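A structural walkthrough
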Amino acid sequence: MNTRGLRSQLKDSVPVTGMGQHIGAYGVQDTLRSGFSSVKNELLPSHALELSEKNFQLNQDKMNFSTLRNIQGLHAPLKLQMEYRAARQIQRLPFLQSSHLALDTLKGNDESISFEDILNDPAQSEMVGEPHIMVEYKLGLM
Amino acid sequence: MALSNVVETPASGFNFENVSRNVALKGLLEGGHTKAPKPMKTGTTIAGLVCKDGVVLGADTRATSGEVVADKMCAKIHYISPNMYCCGAGTAADTEKTTDLLSSNLTIFSMNSGRNPRVVMAVNILQDMLFRYRGQIGASLILGGVDCTGNHLYTVGPYGSIDNVPYLAMGSGDLAALGILEDRFKPNMELEEAKELVRDAIHSGIMSDLASGNNIDICVITKQGVDYIRPYQESEYKDKRQRRYKYRPGTTSILTEKIVPLELEVVQETVQRMDTA
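Residues numbered from 1 in each chain as written. Chains lettered and ligands numbered in written order. Predicted model: local features only at pLDDT ≥ 70, side-chain atom pairs only at ≥ 80, totals over all residues. Heavy atoms only, no water.

- Per an unreviewed UniProt entry, the recorded name for chain B is Proteasome subunit beta, and the organism is Salvelinus namaycush.
- In UniProt, chain B has this text filed under Subunit (unreviewed entry): "Component of the proteasome complex."
- Looking at the Catalytic activity (unreviewed entry) heading of the UniProt record, one finds this comment for chain B: "Cleavage of peptide bonds with very broad specificity." (UniProt positions renumbered as here; feature names shortened; annotations may be inferred.)

- The name recorded for chain A in an unreviewed UniProt entry is Proteasome maturation protein-like isoform X1, from Salvelinus namaycush.
- The annotation that UniProt attaches to chain A under Sequence similarities (unreviewed entry) is "Belongs to the POMP/UMP1 family."

With respect to the overall build of chain A
- Counting its regular elements, chain A contains 9 helices and 1 strand.
- For chain A, the sequential pattern of α-helices and β-strands runs α-α-α-α-α-α-α-α-β-α.
- The buried share of chain A, taken over its 142 residues, is 20%.
- Sequence-distant contacts, at least 24 apart, represent 49% of the contacts inside chain A between residues at least 6 apart. (Helix = DSSP H or I, 4+ residues; strand = E, 2+ residues; numbered from the N terminus. Buried < 20%, exposed > 50% of the residue type's maximum accessible area, 1.4 Å probe, protein only. Contact = heavy atoms within 4.5 Å.)

Examining the UniProt feature "domain: Proteasome beta subunit C-terminal" (unreviewed entry) in chain B
- UniProt annotation of "domain: Proteasome beta subunit C-terminal" (unreviewed entry) refers to residues 240-271 of chain B when read in the numbering used here.
- Helix and strand shares over residues 240-271 of chain B are 0% and 0% respectively, and the end C-alpha atoms of the span are 59 Å apart.

Some remarks on the pattern of salt bridges
Residues and elements named next belong to chain B.
- All chains considered together, the criterion is met by 10 salt bridges over all chains.
- One salt bridge in this structure joins Asp200 and Arg184, with 2.6 Å as the shortest N-O distance. Taken together, the residues span a long stretch of sequence, with Asp200 in helix 5 (residues 191-208) and Arg184 in helix 4 (residues 174-184) at a distance of 16 residues.
- Given the relative accessible area of 17%, Asp200 is considered buried.
- Between Arg199 and Glu196 there is a salt bridge, and its shortest N-O distance comes to 3.9 Å. With Arg199 and Glu196 both in helix 5 and 3 residues apart, this pair spans about one turn of that helix.
- Looking at Glu196, the relative accessible area reads 37%, which means it is partly exposed. (Salt bridge = Lys/Arg side-chain N within 4 Å of Asp/Glu carboxyl O.)

Thoughts on the sheet that holds strand 7 (residues 84-90) of chain B
Residues and elements named next belong to chain B.
- An order of 6-7-8-9-10 is seen for the 5 strands of this open sheet, with the pairing classed as antiparallel. What marks the edges here is a single partner per strand, and that holds for strand 6 (77-81) and strand 10 (162-164). Going across the sheet, the axis of each strand differs from the next one's by a mean of 25°, ignoring polarity.
- Pairing of strand 6 with strand 7, which is carried by 4 bridges, proceeds in the antiparallel orientation. (Pairing = 2+ DSSP bridges. Axes fitted to C-alpha atoms, helices over the stretch in contact; angles between N-to-C directions.)

Describing a nonpolar patch on the surface
- Residues Val39(A), Leu43(A) and Leu44(A) make up a contiguous nonpolar surface patch of about 320 Å² in total accessible area.
- One can find Val39(A) in helix 3 (residues 39-43). (Patch = residues over 30% accessible without salt bridge, like charges linked within 9 Å, V, L, I, M, F, W, Y side chains within 5 Å. Areas by Shrake-Rupley, 256 points an atom, 1.4 Å probe, with all protein chains shown as cover.)

Observations concerning the side chain of Ser98(A)
Residue and element names in this part refer to chain A.
- Mapped onto the elements, Ser98 comes out in the loop between helix 6 (75-89) and helix 7 (101-107).
- At 3.5 Å, the side chain of Ser98 forms a polar contact with the side chain of Gln91.
- Excluding its chain neighbours within four sequence positions, the residues that come into contact with Ser98 are Gln91 and Arg92. (Polar contact = N/O pair within 3.5 Å; in protein donor to acceptor, adjacent residues only side chain to side chain.)

Thoughts on the sheet that holds strand 3 (residues 54-60) of chain B
Residues and elements named next belong to chain B.
- With respect to topology, 5 strands assemble into an open sheet ordered 11-2-3-12-13, the strand pairing being antiparallel. The open sheet has two free edges, formed respectively by strand 11 (167-170) and strand 13 (226-233), since each of these has just one partner strand. Taken over all neighbouring pairs, the strand axes of this sheet differ in orientation by 15° on average, direction set aside.
- Bridge count between strand 2 (residues 46-50) and strand 11: 4 bridges; the pairing is antiparallel. Looking at strand 11, one finds that Leu49 is bridged to Tyr167.
- Sheet strands in contact with helix 4 are strand 2 and strand 11, and its direction is about 165° off that of strand 11.
- Set on the sheet, helix 5 makes contact with strand 2, strand 3, strand 12 (216-222) and strand 13; between it and strand 3 the angle comes to about 25°.

A few points about the environment of Arg85(A)
Residue and element names in this part refer to chain A.
- Along the polypeptide, Arg85 turns up in helix 6.
- Residue classification places Arg85 among the exposed residues on the basis of a relative accessible area of 59%.
- Linking Arg85 and Leu103, residues 18 residues apart in sequence, is a C-alpha distance of 8.9 Å.

Regarding unusual backbone geometry
Residues and elements named next belong to chain B.
- For the peptide bond that leads from Arg230 to Pro231, omega is 0°, which places it in the cis range.
- Tracing the chain through its elements places Pro231 in strand 13.
- Within the chain, Asn188 stands out as a residue other than glycine whose phi angle is a positive 55°.
- For Asn188, the position within the fold is in the loop between helix 4 and helix 5.

Here's what the structure looks like:
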């Protein structure tokens, strides 16, 4: 159930970053996709669910780990997070599709289907990034 | 084509890129007196009750889109698992997709564990999913099934609220249907009596509500199996359109016949050889 540990949800929820604007062609803001540029657009989400969906997985993980820590002690979330980190490191380069098999098995996503698996499959996205730029962004050089 | 402005692969799941554009477009359209298209709703009467041997679910078959009947033979009772069926009211696409996802998840679970899923599991999955999306998924569902713990009937609202009761009605025609159910429901009814009661409840919903109509579907779930009767009762106001507008030869009777031969004389004759090699 998703309602465990509400107190931990208040304490450890993920901080809000700005709603990123889409930089379209020629380096200016993509008016068609994200509307006219205004401070309000940058700070506030355009849809009621945008913020909660962006951080949903992170919030769930925080809540679950916090509950686990309260029940079983610090070692339990520590061990799990160590495994997650190890599984996250064995991916392909950013512009290629990785299967996330180990990570999915650890998280239990291999036994369930939700909207993340049906809608907007990244393997079939229409836009492909430039490999060099994507690697530079991932390494923090950009 | 590789774009140089894409720095990360887009996240999967819901994409909110077009929301502000849609809001702006809607403002433009309304100002110009055109209406944006409305999603297809199943504005419905659905009902269910628990009887002695199992669960009986019933639904009408009309789907509306604004003031127009979009589908006259809509199937509102969705398959979840061999022992569970779900009636859906609200936005048609949302109920379809939600019940499909639920059915897939339960199939994976039953393949993994080798057991038949229980009704409470389905209800919990639905509740989590609908609450996550804070009611933006417009699906009010009546879930009924028979498992090892007995016969169950649950309702799940669009915000994730659940209720476990012996008889239920949902949808825009629920008040009319609930009146019939409240009047004649008794615990541990016989199967035939239960089917008649559900039929009467849906019928009263159809009569009293504009958004419900056409045929009545009934689904009976028992320990032995499922009987999905579609349609249980057809509406008296069936379509009498012809579909074929060609007349049979002989429809018009021939009164007189007069044949005038056309006299032709050969003026010029040319022969051209065809190359058939």
